[in-house]
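Structure assessment
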Amino acid sequence: MEKSIKSISLNQGIVLGIVLTLVTVLIYAFSIDLFTEWWLGIILFLIILVFGIIAAVKSRKALGGFMTFKQAFTSYFITVAVGTLISTVVGIVIFAFVDPDSAQYLNEKIIEMTMQTMENFGAPQESIDEAIAGMEGKNNFSAAMQMQSYVIRLLILSVIGLIVGVSLKRNDPNQA
């Protein structure tokens, strides 16, 4: 049965990766500025959560309606890890190899938005200058930064996966 969980999760992860890749490629092709929108991150985050939860629910059904916490978490985690890894690799290919100029453009746009936000909140100019100076030498879309973001995203999603695992576990009353 354990193979069934891994198979379901891997398949869900690949589908998630394809969905995230399609979103990335479509945004890149039609309006690269959307990458800087806060709501896009929330939508993508919710898509990832939904796929992880669906994988865990499908796994529980495949196990006859009962699963341990470990099985629920594993199913969720494999799906999320595979799907977001595929998306990260696509992002690295696009922004580090295919079109590094778009990465530079997005970095500049992020700096502008940060400066504008800090000014709107009334931050002192000294703080704004310091924050911008720290951002100017950084390429948020380099392969290393994208992999770092992948690891951080995976840690955050894992914490949520613990909650999903607890919520979806169901002990078999016949195995007491």
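The structure this text deals with has already been given above.
Overview of the structure. Computed from a predicted model, the values in this text were never measured in an experiment.

1. So, the overall build of the protein chain
What the protein chain contains, in helices and strands, is six helices and zero strands. Secondary structure elements of the protein chain, listed N to C terminal, follow the sequence α-α-α-α-α-α. Relative to the compact-globule value of 16 Å for 176 residues, the protein chain shows a C-alpha radius of gyration of 20 Å, a clear excess of over 25%. Dimensions of the protein chain, computed from the C-alpha atoms along their principal axes, are close to 65 × 35 × 25 Å. Relative to its 176 residues, the protein chain shows a buried fraction of 35%. Pairs at least 24 apart in sequence give 83% of the contacts found in the protein chain among residues at least 6 apart. Counting only carbon and sulfur atoms, one obtains 66% of the accessible surface of the protein chain, whose full area is about 10,200 Å². One finds the centroid of the 11 positive side-chain charges in the protein chain at a distance of 28 Å from the centroid of its 13 negative side-chain charges.

2. Digging into the packing of aromatic side chains
Under the counting rule described, the total for this entry stands at five aromatic pairs. Ring geometry for F69 against F73: centres 6.3 Å apart, planes inclined by 20 degrees, an arrangement best described as stacked. Here F69 pairs with F73, and both are found in helix α3 (residues 69–98), just four residues apart, close to one helical turn.

3. Focus: the packing of α3 against helix α4 (residues 100–120)
For the pair α3 and α4, interaxial distance at closest approach is 5 Å and the crossing angle is 100 degrees. It follows that α3 is roughly perpendicular to α4 by the angle criterion. Across the interface between the two elements, I94, F95, A96, F97 and V98 of α3 pack against P100, S102, A103 and L106 of α4. Its residues placed into classes, the contact of α3 with α4 shows eight nonpolar, one polar and no charged.

4. Some details on the nonpolar core
Ranked by internal contacts, the top residues of the largest apolar core, which has 18 residues, are I48, Y76, V80 and L157. Breaking this core down by element, the ones donating at least two residues are α1 (2–30), α2 (38–62), α3 and α6 (143–168). Looking at which element gives the most residues to this core, the answer is α6, with five residues. Excluding its chain neighbours within four sequence positions, the residues that come into contact with Y76 are L49, G52, I53, L157, I160, G161 and V164. I94, A103, L106 and F141 belong to the second-largest nonpolar core, a separate cluster that totals seven residues.

5. Some points on α2
In this model α2 runs 37 Å from its N-terminal to its C-terminal C-alpha over 25 residues, within 8% of the 36 Å that 1.5 Å per residue would give. Turning to α2, its buried residues are L40, I48, L49, F51, G52, A55, A56, S59 and R60. Positive backbone phi, approximately 85 degrees, marks G64, located one or two places after α2.

Analysis parameters
Residues numbered from 1 in each chain as written. Predicted model: local features only at pLDDT ≥ 70, side-chain atom pairs only at ≥ 80, totals over all residues. Heavy atoms only, no water. Helix = DSSP H or I, 4+ residues; strand = E, 2+ residues; numbered from the N terminus. Rg over C-alpha atoms; globule rule 2.2 N^0.38 Å. Buried < 20%, exposed > 50% of the residue type's maximum accessible area, 1.4 Å probe, protein only. Contact = heavy atoms within 4.5 Å. Areas by Shrake-Rupley, 256 points an atom, 1.4 Å probe, with all protein chains shown as cover. Lys, Arg positive; Asp, Glu negative; His and termini not counted. Charge placed at Lys NZ, Arg CZ, Asp CG, Glu CD. Phe/Tyr/Trp six-rings, centres within 6.5 Å; stacked < 30°, edge-to-face > 60°. Axes fitted to C-alpha atoms, helices over the stretch in contact; angles between N-to-C directions. Parallel < 35°, antiparallel > 145°, perpendicular 65-115°, else oblique. Nonpolar A, V, L, I, M, F, W, Y, C, P; charged D, E, K, R; others polar. Core = buried A, V, L, I, M, F, W, Y, C linked by side-chain atoms within 4.5 Å. Expected span 1.5 Å × (residues − 1).

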